[in-house]
Amino acid sequence: MLIRRAIDDAEAIARSRDGDLDAYAVLVARYTSRAHRAAYLLGAGEDADDVVQDAFVKAFRHLSRFRAGEPFGPWLLRIVANETKNLIRSRRRRDALVMRLSALETEVPAADSPADEVLAGERRVRLLAAISGLPDSERQVLVCRFFLDLSETETAQVLRWPVGSVKSRTWRALNRLRGLIASGEQDRVFNG
Amino acid sequence: MADSADRQAELESELRALSPALKLPPAADVTGTVRQRLQTRQARGRRGIPETGVLPRWRRLRVAVIAAAALLLLLAVTPQGRAAISHVLRFDGIELHQGPGPAPVPAPSGGASVPGRASLPGSRPMSVAQARRHVGFPVLAPASLGQPSKVVVADRGRVVSLIYGRTPYGPVRLDEFDGHLSLTLFMKFVVMSNVTEVWVNGEKGLWITGPQELIYIRRDGTPARASAEFTTGSTLIWGTRRVAVRMEGSFGETAALAIARSAR
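Along each chain, the written sequence defines residue order, and numbers are assigned to residues from 1. For naming, the first written chain is A and the first written ligand is 1, with later ones following in the order written. Predicted model: local features are reported for residues with pLDDT of at least 70 only, side-chain atom pairs are reported and counted for 80 or more only, and whole-chain, interface and lining totals are derived from all residues. Side-chain metrics rest on all non-hydrogen atoms present in the structure, leaving aside hydrogens and water.

**Here we look at the overall build of chain B**
Piece 1. A run of H or I in DSSP becomes a helix once it reaches four residues, and a run of E becomes a strand once it reaches two; helices and strands are each numbered from the N terminus. A count of helical and extended segments in chain B gives six helices and 13 strands.
Piece 2. Considering chain B as a whole, with its 264 residues, one finds that 47% of them fall into the buried category.
Piece 3. What sets the accessible areas is the Shrake-Rupley method with a 1.4 Å probe; for residues, cover comes only from the shown protein chains. Accessible area of chain B: about 12900 Å², with a carbon and sulfur share of 57%. Residue exposure (1.4 Å probe, protein chains only): buried if accessible area is under 20% of the type maximum, exposed if over 50%, otherwise partly exposed.

In structure tokens form, the structure reads like this:
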């Protein structure tokens, strides 16, 4: 059987609300990798697939609360973020999160690469380590703004904070990050 | 204060540049599992069985049997045609759908729909060098095609299009975008049997023959209808970790792969 035509988000949502699971499957296919990236980076790590699955089941149940015309992505990510939070709360270990973030690509350059490339690589590693060391809320806001490419308003929606908190926490997080990197760089100058 | 704001902005762009370098495991396909869970729920709902709550063991068993039976029944009565639209092939921000799409919008100037037509929202022509400074991903230009005759940055730096007016394969168009955020940027309507998997520089790609309809998806998820256009030739889709490329032209697979390999 062939697909006759594709449907956009608005139509898929409208049909899903009426219980059309085929229409919902289109949304699931369309947003799985985005939801997975969010869950993973917000702290679910290896459990991201489970979070995504639960979030989609929950989102279907809550579709009646979805306001027509609003973008689906941030609305879904709000559920994903909440599921991730629940997962983290249920975990006994607190260290898991740090491990996940340190599993990021470090891009170790080849031995013969130019010096500035080596420096850029080192700086990335330091940046990532610094982000992992931030307090939860500050790390989350940076993940939303810069690793999920969400606007301030969307970040506020996803994390369930007022927009003002998104602004102030972003500012605080960037300041702290700069401090952490600067102290790291100073060490390097003195030692090298 | 201004200095502090500058340094803040610098760090922000550094973080954005770091985003594609994050290594994440691939997402599992949850479409089937989610559908199954929802089907079970729907079946329960119809039978008036509570969704949660603690039931005695014998009742739980009975619920399970009823749910399984209802699921089987649902599978049996669901018309085949309705199940079909869930088949969507996703690749690097491009969603492939089987069959013809909505009727293409005629070109505003009345001109023919050729791969050179800039049809994405907010298009701004500029040079390759300018485009490279303007967007947050590396722009790949195939060396074997020479200099592009036109470069367009669309939708506030979301897509860069390189157009080569005269090549041995007729006009060739490349649409490039940041593939790492897993957003859907294009919808394509194709005949699935015309899609084959290929390898370009060690990365998986797709080779699609024959005319296809193409629709651009805006940041808010709505399709830009005006961008619906028929591609005239065949298309090669490939990418690196940082950038995804959609290249169309009237070339064969071997020529397309050679052009892709020359992209720097």
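**Comments concerning the overall build of chain A**
Piece 1. In terms of helices and strands, chain A carries nine helices and zero strands.
Piece 2. Ordered by position from the N terminus, the helices and strands of chain A form the series α-α-α-α-α-α-α-α-α.
Piece 3. For chain A, buried positions account for 50% of its 192 residues.
Piece 4. Taking contacts inside chain A between residues at least 6 apart in sequence as the whole, the part at least 24 apart equals 63%.
Piece 5. Here chain A has roughly 9000 Å² of accessible surface; of this, 50% comes from carbon and sulfur atoms. In what follows, a contact means two residues having at least one pair of non-hydrogen atoms within 4.5 Å.

**With respect to the pairing of strand 10 (residues 212–217) of chain B**
Piece 1. Counting buried positions along strand 10 of chain B yields six of six residues, so the element is predominantly enclosed.
Piece 2. Of the two faces of strand 10 of chain B, the one holding Q212, L214 and Y216 of chain B and the one holding E213, I215 and I217 of chain B are both buried throughout.

**Some remarks on the packing of aromatic side chains**
Residues and elements named next belong to chain A.
Piece 1. Aromatic pairs are defined between Phe, Tyr and Trp rings, using the six-membered ring for Trp, whenever the two ring centres lie within 6.5 Å; interplanar angles under 30 degrees are classed as stacked, those over 60 as edge-to-face, and all others as tilted. Using the criterion set out here, one finds eight aromatic pairs over all chains in the structure.
Piece 2. Here the aromatic rings of Y24 and F60 are separated by 4.9 Å at their centres, their planes lie at 65°, and the arrangement is edge-to-face. Taken as a pair, Y24 in helix 2 (residues 21–44) and F60 in helix 3 (residues 48–61) lie far apart in primary sequence, 36 residues in all.
Piece 3. Take F60: its relative accessible area is 13%, and that puts it in the buried class.
Piece 4. Members of the aromatic cluster, joined through ring pairs, are Y31, F66, F72 and W75.

**Details of the packing of helix 3 of chain A against helix 4 (residues 72–90) of chain A**
Residues and elements named next belong to chain A.
Piece 1. Close contact between helix 3 and helix 4 brings their axes to 9 Å; oriented N to C, the two are set at 125°. By the criterion of interaxial angle, the relationship of helix 3 to helix 4 is oblique. Crossing angle aside, the handedness with which helix 3 passes helix 4 is right-handed. Of helix 4, the residues touching helix 3 (which contributes V51, D54, A55, F56, K58 and A59) are W75, L76, I79, V80, E83, T84 and L87. Axis definition: a line fitted to C-alpha atoms, limited for helices to the stretch in contact. Angles are taken between N-to-C directions and run from 0 to 180 degrees. Should an angle fall under 35 degrees it is called roughly parallel, over 145 degrees roughly antiparallel, and 65 to 115 degrees roughly perpendicular, with every other angle called oblique. In this scheme, a crossing is called left-handed if the near helix is turned counterclockwise away from the far one by less than a right angle; it is called right-handed if the turn is clockwise.

**Considerations on the pattern of salt bridges**
Piece 1. Counted as salt bridges are all cases of a side-chain nitrogen of Lys or Arg within 4 Å of a carboxyl oxygen of Asp or Glu. If you walk through the whole model with that rule in mind, you get 15 salt bridges over all chains.
Piece 2. Among the ionic pairs, D20 of chain A bridges to R15 of chain A, the shortest N-O distance being 3.2 Å.
Piece 3. Using a relative accessible area of 8% as the deciding quantity, one classes D20 of chain A as buried.
Piece 4. Among the salt bridges present, the one from D136 of chain A reaches R139 of chain A, with a minimum N-O distance of 2.9 Å. Remark: R139 of chain A and D136 of chain A occur in helix 7 (residues 136–147); sequence separation between them is three residues, near one turn of the helix.
Piece 5. On the basis of relative accessible area, D136 of chain A is assigned to the partly exposed category, the value being 33%.
Piece 6. One continuous salt-bridge network, built from bridges that share partners, spans R173, D175, R246 and E248 of chain B.

**Focus: the sheet that holds strand 12 (residues 234–239) of chain B**
Residues and elements named next belong to chain B.
Piece 1. Strands sit in the order 3-4-5-6-13-12-9-8 across an open sheet of eight strands; the sheet is antiparallel. On the outer flanks of this sheet lie strand 3 (124–125) and strand 8 (195–200), each paired with one strand and no other.
Piece 2. Strand direction decides the pairing type here: strand 3 and strand 4 (residues 150–154), joined by two bridges, are antiparallel. Bridging from a neighbouring strand, P125 pairs with V152 of strand 4. Here, any two strands with at least 2 DSSP bridges between them count as paired.

**Section: unusual backbone geometry**
All names here are of chain B.
Piece 1. Notably, D155 is not glycine yet its phi reads approximately 50°, a positive angle.
Piece 2. Following the sequence through the fold, D155 ends up in the loop between strand 4 and strand 5 (159–164).
Piece 3. Looking at D155, the relative accessible area reads 12%, which means it is buried.
Piece 4. Although it is not a glycine, N201 adopts a positive phi angle of roughly 50°.

**Some words on helix 3 of chain A**
Piece 1. Taking 1.5 Å of rise per residue, the 14 residues of helix 3 of chain A would be expected to cover 20 Å, and the 20 Å separating its terminal C-alpha atoms lies within 8% of that figure.
Piece 2. Along helix 3 of chain A, the residues classified as buried are A48, V51, V52, Q53, A55, F56, V57, A59 and F60 of chain A. Expected span, for any helix, means 1.5 Å times one less than how many residues it has.

**Considerations on the nonpolar core**
Piece 1. Here, nonpolar core refers to any group of buried Ala, Val, Leu, Ile, Met, Phe, Trp, Tyr and Cys residues whose side-chain atoms link them within 4.5 Å. Among the nonpolar cores identified, the biggest contains 64 residues, and Y24, F56, F72, V80, L142 and L177 of chain A together with L15 of chain B are the most heavily contacted of them.
Piece 2. Look past the residues within four positions of Y24 of chain A in its chain and what remains in contact with it is S16, F56, A59, F60 and L63 of chain A together with V34 and L38 of chain B.

**Regarding the confidence of the model for chain B**
Residue and element names in this part refer to chain B.
Piece 1. Residue-level confidence of the predictor, termed pLDDT, takes values from 0 up to 100. The predicted model of chain B averages 75 in pLDDT, with 71% of residues at 70 or higher.
Piece 2. When mean pLDDT is compared element by element in chain B, helix 6 (residues 253–261) scores highest at 94, while helix 4 (residues 80–83) scores lowest at 33.
Piece 3. Note that residues 51–86 has pLDDT below 50 and, in this model, 36 contacts with residues that lie over four places away or in other chains.
Piece 4. Here residues 105–116 is modelled with pLDDT under 50, and outside its nearest four sequence neighbours on either side it reaches 17 contacts, counting other chains as well.
Piece 5. The ipTM for the predicted assembly is 0.83, set against a pTM of 0.68.

**Examining the side chain of D20 of chain A**
Residue and element names in this part refer to chain A.
Piece 1. Relative to the helices and strands, D20 resides in the loop between helix 1 (9–17) and helix 2.
Piece 2. The definition of a polar contact used here is a pair of N or O atoms within 3.5 Å, where within protein one atom must be able to donate a hydrogen and the other to accept one, and adjacent residues in sequence count solely through side-chain atom pairs. For D20, the side chain forms a polar contact with the main-chain nitrogen of D22, separated by 3.0 Å.
Piece 3. Looking at D20, its side chain comes within polar contact range of the main-chain nitrogen of A23, at 3.1 Å.

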